[in-house]
Amino acid sequence: MNNLLKLNFVLIFLLNGNCSFSQEDRTRLLAEELNLINDLVIGDSAYFFEENETVELTDFIRIELIDSLTYAAKKKAKIDFITRDTSVIRKIDGLISLPCKNALATFKDNPVEVESIAIHTYVGQLKALNKFIVQTMYWEEYDFKFIDKTTGDTTNYFTGIPLLSPSKKHLIELTENVYSMTTEISLFTVKKNSIEPVFFANFCKWMLAEEGFWAKDGNFYAAVNKTTEFYTASGDVRKPNYFLKIELKH
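Residue indices follow the written sequence of each chain, beginning from 1 at its first position. In keeping with the predicted nature of the model, local features appear solely for residues at pLDDT of at least 70, side-chain atom pairs appear and are counted solely at 80 or more, and the whole-chain, interface and lining totals rest on all residues. Side-chain calculation: all heavy atoms of the structure are included, whereas hydrogens and water are not.

It is not clear to me how the overall build of the protein chain should be interpreted in this structure. Could you clarify?
Each helix is a run of DSSP H or I of at least 4 residues and each strand a run of E of at least 2, with the numbering of both proceeding from the N terminus. In terms of regular secondary structure, the protein chain is built from two helices and 20 strands. The burial tally for the protein chain puts 44% of its 250 residues in the buried class. We call two residues in contact whenever any of their non-hydrogen atoms come within 4.5 Å of each other. Partitioning the intrachain contacts of the protein chain with sequence separation of at least 6 by distance along the chain shows that 50% fall at a separation of at least 24. Relative accessibility under 20% of the residue-type maximum defines a buried residue, over 50% an exposed one, and the middle range a partly exposed one, all with a 1.4 Å probe and only protein chains included.

Can you help me understand the sheet that holds strand β5 (residues 61-66) in this one?
What links the strands of a sheet is backbone hydrogen bonding, and the strands pair in either a parallel or an antiparallel sense. Across the sheet, five strands lie side by side as β5-β20-β19-β18-β6; this open sheet has antiparallel pairing. The open sheet has two edge strands, β5 and β6 (78-79), and neither has a second partner. Pairing of strand β18 (residues 206-215) with strand β19 (residues 220-226), which is carried by six bridges, proceeds in the antiparallel orientation. When the bridges of β19 are listed, Phe213 appears paired with Tyr221. In the packing of helix α2 (residues 68-76) onto the sheet, the strands contacted are β5, β6, β18, β19 and β20 (242-248), and the crossing angle to β18 comes to about 45 degrees. When DSSP finds at least two bridges between two strands, those strands are taken to pair. For helices, the fitted line uses only the C-alpha atoms of the stretch in contact; every axis is such a line through C-alpha atoms, and the angle between N-to-C directions lies from 0 to 180 degrees.

Whenever I open this one, a nonpolar patch on the surface confuses me. Can you help?
Each patch is built from salt-bridge-free residues with over 30% relative accessible area, joining like charges within 9 Å and nonpolar side chains (Val, Leu, Ile, Met, Phe, Trp, Tyr) within 5 Å. Areas reported as accessible are Shrake-Rupley estimates using a 1.4 Å probe. Residue values count occlusion only from the protein chains shown. Salt bridges are defined by distance alone: a side-chain nitrogen of Lys or Arg within 4 Å of a carboxyl oxygen of Asp or Glu. Judged by side-chain polarity, Val178, Tyr179, Tyr231 and Val237 come together as a nonpolar surface patch covering roughly 410 Å² of accessible area. Looking at the element boundaries, Val237 is found in the loop between β19 and β20. The class of Val237 is partly exposed, set by a relative accessible area of 41%.

When you look at the packing of aromatic side chains in this model, what are you seeing that I'm missing?
Each aromatic ring pair is described using two quantities: the centre-to-centre distance and the angle formed by the ring planes. Note on aromatic contacts: the rings of Phe and Tyr and the six-membered ring of Trp form a pair at centre separations within 6.5 Å, being stacked when their planes are under 30 degrees apart, edge-to-face when over 60 apart, and tilted otherwise. Here the structure, examined in full by the defined rule, presents 11 aromatic pairs. Judged by centre distance (5.3 Å) and plane angle (80 degrees), the ring pair of Trp214 and Phe220 falls under edge-to-face. For the residue pair Trp214 and Phe220, the accessibility class agrees, reading buried in each case. Taken together, the aromatic side chains of Tyr71, Phe213, Tyr221 and Phe243 make up a single cluster linked through ring pairs. Seen from the ring of Phe132, Lys149 lies directly overhead, with NZ or CZ sitting 5.3 Å from the centre. Only lysine NZ and arginine CZ atoms are considered, and such an atom sits over a ring when it is within 6 Å of the ring centre and within 35 degrees of the ring normal.

What is the right way to look at the sheet that holds strand β7 (residues 82-83) in this model?
Overall, antiparallel pairing links the five strands, which are arranged β7-β10-β11-β12-β13 in an open sheet. Whereas interior strands pair on both sides, the edge strands pair on one side only; in this sheet they are β7 and β13 (154-158). Where strand β11 (residues 131-137) lies against strand β12 (residues 142-148), seven bridges are found, and the strand directions are antiparallel. By the bridge assignment for β12, Ile133 is matched with Phe146.

What is the right way to look at the side chain of Thr183 in this model?
Along the chain, Thr183 turns up in strand β16 (residues 182-190). Not counting residues within four places of it along the chain, the set of residues in contact with Thr183 comprises Leu174, Thr175, Glu176, Ala201, Asn202, Phe203, Trp206, Met207 and Leu208.

Whenever I open this one, the pairing of β16 confuses me. Can you help?
Consecutive side chains of a regular strand alternate in pointing toward one face of the sheet and then the other. Counted residue by residue, β16 has eight buried out of nine residues, so it is predominantly covered. Here strand β15 (residues 170-177) pairs with β16 via eight bridges, running antiparallel. Its bridge partner lying in β16, Leu171 is registered against Phe188. The turn linking β15 back onto β16 is made up of four residues, and Met181 within it adopts a positive phi angle of 55 degrees. Bridge analysis of β16 against strand β17 (residues 195-203) gives eight bridges, and the strand direction is antiparallel. Looking across to β17, one finds that Ser186 is bridged to Phe200. Where β16 folds back on β17, the antiparallel hairpin that results is connected by four residues.

How should the environment of Leu174 be read in this particular structure?
Along the chain, Leu174 turns up in strand β15. Classification of Leu174 as buried rests on a relative accessible area of 11%. Here Leu174 is in contact with Thr183, Glu184, Ile185, Trp206, Leu208, Phe220, Ala222 and Ile246, once residues within four sequence places are set aside.

So, in structure tokens, the structure goes:
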């Protein structure tokens with residue numbers, strides 16, 4: 001493991017009797033559950049943990065519960081660098097054409113074959129990084145692409161929409177995974193000509209209930225539910241009950 005990262009693993013056995021929660025605790029999201037993950041990727045190294053083991057991730061980010069009023073106040077002044085000019089660039093006959101400086105980048109829908117289906121949606125542009133953003137829906141998954149506005153090349157792929165920090169030095173991708181019932185987070189550093197991954201992790205105790213955002217204070221905010229309470233009895237996503245502040249550790 002890279003010593004420069006100094007990742008401190010704290011194994012917490014939740015299901016073997018070492019920790020006992022009341023019935024109320026089982027339905028509430030506890031502060032000590034916020035940083036718990038069940039898999040982790042750093043660079044080329046992947047770490048997987050047993051079902052009854054979780055690992056506290058503290059060297060990259062710090063997560064804490066906040067109240068709904070604080071969350072609402074931060075959301076009113078959120079930072080969003082994405083220009084969502086979807087009325088300017090439109091799909092015509094299943095084709096999206098992006099006018100880049102040195103090329104025309106095109107994305108053609110393939111709606112016929114089920115296993116090779118690809119439906120493209122123009123999301124907007126990230127002028128600070130000189131990128132267009134396109135979402136592609138496949139048979140059982142989707143991705144978001146960065147397209148260089150100069151060359152027309154697809155430079156990066158993301159599983160969730162990547163949001164640029166106020167410092168323009170980081171990207172966060174935070175997405176709920178309804179198959180694994182986790183929230184996936186990826187953190188990237190932005191350098192002059194590249195976007196480099198820092199880490200990827202799956203949080204196992206809470207799930208994202210609406211798109212997160214960066215605030216002027218340089219922190220990321222999210223509205224979530226406890227994983228076990230994510231859906232209502234009718235199968236709808238519950239209104240968020242918890243609000244998080246995610247602070248980057250520099």
